[in-house]
Amino acid sequence: MEQSHQPFYKRVIVSIIVLVSIYILGFIGYVLIEKMSFLDAIFMTTITITTVGYGVVKELSTAGTIFTIVLIIIGTGSAAYILISLADFMLNEFLAGRAQDRRVRKMISKLKNHIILCGYGTTGRYIARELYKTKN
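The sections below set out a description of the structure shown in this document.

Rules and cut-offs
Residues numbered from 1 in each chain as written. Predicted model: local features only at pLDDT ≥ 70, side-chain atom pairs only at ≥ 80, totals over all residues. Heavy atoms only, no water. Helix = DSSP H or I, 4+ residues; strand = E, 2+ residues; numbered from the N terminus. Buried < 20%, exposed > 50% of the residue type's maximum accessible area, 1.4 Å probe, protein only. Polar contact = N/O pair within 3.5 Å; in protein donor to acceptor, adjacent residues only side chain to side chain. Contact = heavy atoms within 4.5 Å. Salt bridge = Lys/Arg side-chain N within 4 Å of Asp/Glu carboxyl O. Core = buried A, V, L, I, M, F, W, Y, C linked by side-chain atoms within 4.5 Å. Expected span 1.5 Å × (residues − 1).

### A few points about unusual backbone geometry
Part 1 of the reasoning: Positive phi, normally seen in glycine, also occurs at Lys35, with a value near 55 degrees.
Part 2 of the reasoning: Along the chain, Lys35 falls in the loop between helix H1 (6–34) and helix H2 (38–49).
Part 3 of the reasoning: Its identity is not glycine, yet Asn113 carries a phi of approximately 50 degrees, on the positive side.
Part 4 of the reasoning: Inspection of the secondary structure assignment puts Asn113 in the loop between helix H3 (62–110) and helix H4 (122–134).

Written as structure tokens, this is what we have:
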């Protein structure tokens, strides 16, 4: 994993863990509060977090309504954070990568009569001294 990407990966992994936790919490909440079936609880959690707006599976109690409001706020906030993180990463990679490529190509195009010396061991130091002496 590239060093510059580590904060991004950590941010996305933590966000996904939070979102999955909210999803599990939503499922458990609907099962316990509203006595929904497995499929209905998953469906309600999905439409609540994604704010699709299909409507409720069944009429909610006061506790279920309050739970749904909290789930909407927490779930959509987490989902939005993940999407923003992904968009930020992609835009930064695309724009920064393009700018870096242009800068490198521009620098290379300006190079004339240059020498690249790889390594500075015994041989490299000798070659560097000789090049310096001859001003090559």
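### Section: the side chain of Glu34
Part 1 of the reasoning: With respect to the secondary-structure elements, Glu34 resides in helix H1.
Part 2 of the reasoning: The exposure class of Glu34 is buried, given its relative accessible area of 5%.
Part 3 of the reasoning: At 3.4 Å, the side chain of Glu34 and the backbone nitrogen of Gly64 are in polar contact.
Part 4 of the reasoning: The contacts of Glu34, once residues within four sequence positions are left out, are Gly29, Lys58, Glu59, Leu60, Ser61 and Gly64.

### What about the pattern of salt bridges?
Part 1 of the reasoning: Applying the stated criterion across every chain yields a total of two salt bridges.
Part 2 of the reasoning: Its salt-bridge partner being Lys58, residue Glu34 comes within 3.9 Å of it at the nearest N-O pair. With Glu34 in helix H1 and Lys58 in the loop between H2 and H3, this pair connects stretches of sequence that are 24 residues apart.
Part 3 of the reasoning: Ionic pairing is found between Glu130 and Lys133, a salt bridge with its closest N-O pair at 3.5 Å. Of this pair, Glu130 and Lys133 both sit in helix H4, three residues apart, which is roughly one turn of that helix.
Part 4 of the reasoning: Note on Glu130: relative accessible area 30%, which makes it partly exposed.

### A short note on the nonpolar core
Part 1 of the reasoning: Core analysis: the biggest nonpolar cluster contains ten residues, these being Ile22, Tyr30, Met36, Ala41, Met44, Ile47, Ile49, Leu60, Phe67 and Leu71.
Part 2 of the reasoning: Mapped by element, the contributors of at least two residues to this core are H1, H2 and H3.
Part 3 of the reasoning: Examining the composition of this core, we find that four residues originate from one element, H2, more than from any other.
Part 4 of the reasoning: Setting aside anything within four residues of it in sequence, one finds Leu71 in contact with Ile22, Gly26, Tyr30, Thr45, Thr48, Ile49 and Thr76.

### With respect to H4
Part 1 of the reasoning: Its 13 residues place the ends of H4 19 Å apart at the C-alpha level, agreeing with the 18 Å of an ideal helix rising 1.5 Å per residue.
Part 2 of the reasoning: Of the residues flanking the end of H4, it is Lys135, one or two places downstream, whose phi is positive at about 55 degrees.

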